[in-house]
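Now for the letters of each chain:
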Amino acid sequence: SPVFKMAEYLNKYPNLGIQFALIELKGYWIKTGADWPLLIVPRIAINRPCPVPPPPPPPPDFWESLKKNNDPDSCEKVRSIADEYQKRDGIEIVIKKTLHVKLTIPQDGRQVSAFYVDKKAKLWVWPNNIAGPLASLTGFDFETIRDYDKKMREILKMPDERVKLSRDIDEVDIEQFKAVVDEFIKRIQSAKKISE
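Overview of the structure.

Criteria and thresholds
- Residues numbered from 1 in each chain as written.
- Predicted model: local features only at pLDDT ≥ 70, side-chain atom pairs only at ≥ 80, totals over all residues.
- Heavy atoms only, no water.
- Helix = DSSP H or I, 4+ residues; strand = E, 2+ residues; numbered from the N terminus.
- Buried < 20%, exposed > 50% of the residue type's maximum accessible area, 1.4 Å probe, protein only.
- Contact = heavy atoms within 4.5 Å.
- Areas by Shrake-Rupley, 256 points an atom, 1.4 Å probe, with all protein chains shown as cover.
- Axes fitted to C-alpha atoms, helices over the stretch in contact; angles between N-to-C directions.
- Parallel < 35°, antiparallel > 145°, perpendicular 65-115°, else oblique.
- Phe/Tyr/Trp six-rings, centres within 6.5 Å; stacked < 30°, edge-to-face > 60°.
- Lys NZ or Arg CZ within 6 Å of the ring centre and 35° of its normal.
- Patch = residues over 30% accessible without salt bridge, like charges linked within 9 Å, V, L, I, M, F, W, Y side chains within 5 Å.
- Salt bridge = Lys/Arg side-chain N within 4 Å of Asp/Glu carboxyl O.
- Lys, Arg positive; Asp, Glu negative; His and termini not counted.
- Charge placed at Lys NZ, Arg CZ, Asp CG, Glu CD.

### Describing the overall build of the protein
At step 1: When its secondary structure is counted, the protein shows 6 helices and 9 strands.
At step 2: Residues counted as buried form 36% of the 196 residues belonging to the protein.
At step 3: Relative to all contacts within the protein whose residues are 6 or more apart in sequence, the contacts with residues 24 or more apart total 52%.
At step 4: Approximately 12,800 Å² of the protein is accessible, and the part contributed by carbon and sulfur atoms is 56%.

If you want it as structure tokens, here you go:
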């Protein structure tokens, strides 16, 4: 059974182009009661080429998924906020399964997600996750994170026990949300690196 499990394991990776075969060797003694001479008769036990499955379909585009899952007004709000932050210095829009608005920390080039939007048009903020990369900045007051967390909880109407904060974009005052994000970005960009 371990050999068959090995065969199953190899068959999971058809892209390797392996053709796997097991040959069974049966041994027969020519003289009764003697160990030698021995007649070996091979037999193919398994002979299976690894099938090559078709390539998986490409994942749906974020914008297509957003359009499919939401009304046009929600999609337009997401597009508008992405377009606005795309034009800002030190900000990069990264789109995979979600749309991340990433802030580049000017002192060391690392990036943190100021917020992100999923394909259901939900705004997400995770202030505690931002704190780690900012620990090496002097002049960075961790009150900045606490303040960002507090204000986002108010805007997104999240209880204190939640770590990840989220709300449908239609339920959020976008101007108020952007004002808090902008203040946070400004405070990060004005902090200095410890070595300075």
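### A look at the packing of helix α5 (residues 143-156) against helix α6 (residues 174-190)
At step 1: Two elements in contact, α5 and α6, have axes whose closest approach is 10 Å; the angle formed by their N-to-C orientations is 175°. Taken together, the axis directions place α5 and α6 in an arrangement best described as roughly antiparallel. Contacts from E143, T144, I145, D147, Y148, K151, M152, I155 and L156 in α5 reach Q176, F177, V180, V181, E183, F184, R187 and I188 in α6.

### As for unusual backbone geometry
At step 1: For A121, which is not a glycine, the phi torsion comes out positive at approximately 60°.
At step 2: Its place among the elements puts A121 in the loop between β5 (111-117) and β6 (122-125).
At step 3: Looking at A121, the relative accessible area reads 2%, which means it is buried.
At step 4: Its identity as a non-glycine residue notwithstanding, K157 has a phi of 55°, on the positive side.
At step 5: By the secondary structure assignment, K157 is in the loop between α5 and β8 (165-168).

### Some points on the packing of aromatic side chains
At step 1: By the definition in use, this model includes 5 aromatic pairs.
At step 2: Between F115 and F177 the ring centres are 5.0 Å apart and the planes differ by 80°, which places this aromatic pair in the edge-to-face class. Of the two residues, F115 is situated in strand β5 and F177 in helix α6; the sequence distance between them amounts to 62 residues. The same class applies to F115 and to F177, which are both buried.
At step 3: Where Y116 meets W124, the ring centres are 6.1 Å apart and the plane angle is 5°; that geometry is what we call stacked.
At step 4: Residue class for Y116 comes out buried when judged on its relative accessible area of 15%.
At step 5: Following the ring pairs from residue to residue traces out a cluster consisting of Y85, F115 and F177.
At step 6: The ring of W63 is capped by R79, whose NZ or CZ atom sits 3.8 Å from the centre of that ring.
At step 7: The ring of Y85 has R88 lying over it, and the distance from NZ or CZ to the ring centre is 4.3 Å.

### Considerations on a positive patch on the surface
At step 1: Together, K68, K97, K119 and K120 give the surface a local cluster of positive charge.
At step 2: If you trace the backbone, K119 turns up in the loop between β5 and β6.

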